[in-house]
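Chain by chain, the residues run as shown.
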Amino acid sequence: MTLIPRAAMLAAALALTAATAPRAQDEPPPKNLPFTPKGARGAYNFGGSNKEGPGETSSYKSAREQYEALRKQATGDGRLSAAQLPDWSGVWGLDGGAFNWDPSLARDATHYGPLAPGNQAFYEKALQDAENGKEWDNLSYCLPSGFPRWISEGFLRDFAVTPEKVLLTNEQQSEVRRVYTDGRGHRPDDEAQPLWEGDSIGFWIGSGDKAKLVIWTKDLKSGVYHRNGPRYSDQAETIEVMQKIDPTHIKVDVTMYDPTDLTRPWVVHRGYKKDDLPNGHIDLWSCEENNNVIKRADGGSDFVLPGEKGYKDPSALAGPKN
């Protein structure tokens with residue numbers, strides 16, 4: 001699929017700123033939606049699915065169970081030497097589904113994923129607020145998108161693979177995820193705390209360019225899957241299986257476990273496509289340097305324009321003071 005142009009995605013952000021089981025028998029099947037994107041509710045809909053439903057599920061009951069099952073497929077301790085690692089060099093963009101956590105479902109569909117009742121109510125209110133012009137999330141204050149939202153946010157990515165850890169960087173907000181593959185476990189409970197990107201450990205299945213990276217992430221700070229989307233709690237955990245399937249594509253299968261805000265595990269399938277621009281690279285993103293968003297009394301957001309009180313001139317913020 002064609003990557004969404006970098007400039008267009010930037011404009012949108014600034015303007016609006018692995019085994020699975022069949023679905024449970026008591027869940028309604030996905031169905032076609034009479035869904036026509038309109039107003040704020042459809043502003044981030046870039047095409048794709050026109051279905052609603054509970055999404056795909058997993059036969060595993062917990063992240064730990066899935067991680068330990070996949071661990072049995074690894075050779076030895078699942079660690080690789082530098083010579084055995086896959087080549088994930090270059091710059092990568094989303095292969096479809098930008099700003100939509102589950103590309104198999106229509107973004108902003110009323111029935112979107114296996115949401116617990118409280119989460120469904122939260123989500124429906126968020127959609128209604130958007131229709132009424134009241135939108136706000138952490139990106140409005142130049143805070144990170146956080147994980148798992150990191151997965152579906154737009155812009156380019158860079159993957160640095162080493163024997164001890166893998167660094168997954170999104171150019172947006174310069175968000176870096178650190179996946180430790182040196183054999184360590186998660187932080188002990190008495191040291192753990194909710195984090196924007198969570199605490200991630202992993203191992204490899206196989207070696208060479210087709211090696212699979214298995215990632216277990218926990219200790220997350222609660223957030224939303226995408227702007228005006230449903231929420232996830234700080235009890236959420238994920239398992240990702242990341243693999244380069246050909247020279248220009250990486251696929252990622254993600255299973256979300258959240259006993260607070262989901263009724264059962266939620267599996268989504270994501271992908272990245274290698275950017276073919278010569279000498280491609282990503283840059284440091286200093287959102288606050290160009291942020292003139294304010295929060296209104298009703299909880300929505302507005303822009304402070306040049307000449308208005310409180311406007312911050314980006315060209316003057318970083319200069320030396322007299």
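Residues numbered from 1 in each chain as written. Predicted model: local features only at pLDDT ≥ 70, side-chain atom pairs only at ≥ 80, totals over all residues. Heavy atoms only, no water.

1. What to know about the packing of aromatic side chains
And then number 1: A complete count under the given rule lists 14 aromatic pairs for this structure.
And then number 2: For the pair Tyr 225 and Tyr 232, a centre-to-centre distance of 5.4 Å together with 65 degrees between the ring planes defines the contact as edge-to-face.
And then number 3: Accessibility expressed as a relative area gives 0% for Tyr 225, which makes it buried.
And then number 4: One aromatic cluster in this structure is built from Trp 101, Tyr 112, Tyr 123, Tyr 225, Tyr 232 and Trp 266.
And then number 5: Sitting above the plane of the Phe 203 ring, Arg 71 keeps its charged end 5.0 Å from the centroid.
And then number 6: A cation over an aromatic ring shows up here: Arg 157 above the ring of Trp 150, its NZ or CZ 4.7 Å from the ring centre. (Phe/Tyr/Trp six-rings, centres within 6.5 Å; stacked < 30°, edge-to-face > 60°. Buried < 20%, exposed > 50% of the residue type's maximum accessible area, 1.4 Å probe, protein only. Lys NZ or Arg CZ within 6 Å of the ring centre and 35° of its normal.)

2. Structural notes on the pairing of strand S6 (residues 175-180)
The side chains of a regular strand alternate between the sheet's two faces.
And then number 1: Residues Glu 175, Arg 177 and Val 179 point to one face of S6 and are all buried, whereas Val 176, Arg 178 and Tyr 180, pointing to the other face, are not buried.
And then number 2: Two strands pair when backbone bridges link them, and strand S5 (residues 165-170) and S6 are joined in this way by six bridges, in the antiparallel orientation. Paired with Lys 165 across the two strands is Tyr 180, which belongs to S6.
And then number 3: With antiparallel pairing between neighbouring strands as the criterion, S5 and S6 make up a hairpin whose turn holds four residues, including Gln 173 at a positive phi of roughly 65 degrees.
And then number 4: Relative to strand S7 (residues 199-205), S6 runs parallel, the two being bridged by two bridges. In the strand pairing of S7, Val 179 is matched with Ser 200. (Helix = DSSP H or I, 4+ residues; strand = E, 2+ residues; numbered from the N terminus. Pairing = 2+ DSSP bridges.)

3. With respect to the pattern of salt bridges
And then number 1: As enumerated under the stated definition, the model contains 16 salt bridges in all.
And then number 2: A salt bridge links Asp 298 to Arg 296; its shortest N-O distance comes to 3.1 Å.
And then number 3: Among the ionic contacts, a cluster of salt bridges with common partners joins Glu 135, Asp 137, Arg 149, Glu 153 and Arg 227. (Salt bridge = Lys/Arg side-chain N within 4 Å of Asp/Glu carboxyl O.)

4. A word on the confidence of the model for the protein
And then number 1: Taken as a whole, the protein shows an average pLDDT of 86; of its residues, 84% reach a score of 70 or greater.
And then number 2: Within the model, the stretch residues 1-25 combines pLDDT values under 50 with 55 contacts to residues more than four positions away or in other chains. (pLDDT = per-residue confidence, 0-100. Contact = heavy atoms within 4.5 Å.)

5. A few points about the sheet that holds S6
Sheet strands pair by backbone hydrogen bonding; their relative direction is either parallel or antiparallel.
And then number 1: Taken together, the nine strands give a closed barrel; going around it, the order is S3-S4-S5-S6-S7-S8-S11-S12-S13, and neighbouring strands pair in mixed fashion. Each neighbouring strand pair of the sheet contributes to a mean axis angle of 30 degrees, computed without reference to strand direction. (Axes fitted to C-alpha atoms, helices over the stretch in contact; angles between N-to-C directions.)

6. Structural notes on the pairing of strand S13 (residues 266-274)
And then number 1: As paired strands, strand S3 (residues 91-94) and S13 are joined by three bridges and run antiparallel to one another. Residue Leu 94 lies in a different strand from S13, and its bridge partner there is Tyr 272.
And then number 2: For strand S12 (residues 249-257) and S13, the ladder comprises eight bridges, and the chain directions are antiparallel. Its bridge partner lying in S13, Ile 250 is registered against Tyr 272.

7. Notes on helix H3 (residues 117-131)
And then number 1: Given a rise of 1.5 Å per residue, 15 residues ought to cover 21 Å, and the 21 Å separating the end C-alpha atoms of H3 matches this to within 8%.
And then number 2: Within H3, burial applies to Asn 119, Gln 120, Tyr 123, Ala 126, Leu 127, Asp 129 and Ala 130.
And then number 3: The secondary structure elements touched by the buried residues of H3 are strand S10 (231-232).
And then number 4: Of the residues flanking the end of H3, it is Gly 133, one or two places downstream, whose phi is positive at about 80 degrees. (Expected span 1.5 Å × (residues − 1).)

8. Topic: the nonpolar core
And then number 1: Ranked by internal contacts, the top residues of the largest apolar core, which has 37 residues, are Trp 101, Phe 159, Met 242, Trp 266 and Tyr 272.
And then number 2: Among the secondary structure elements, those contributing two or more residues to this core are S3, H3, helix H4 (149-152), S5, strand S8 (212-218), S12 and S13.
And then number 3: With four residues, S12 is the largest single contributor of residues to this core.
And then number 4: Sequence-distant contacts of Met 242, defined by excluding residues within four places in its chain, comprise Trp 88, Phe 159, Leu 168, Ala 211, Lys 212, Leu 213, Ile 250, Lys 251, Val 252 and Tyr 272.
And then number 5: Tyr 60, Tyr 67, Leu 70 and Ile 201 belong to the second largest nonpolar core, which has 13 residues in total. (Core = buried A, V, L, I, M, F, W, Y, C linked by side-chain atoms within 4.5 Å.)

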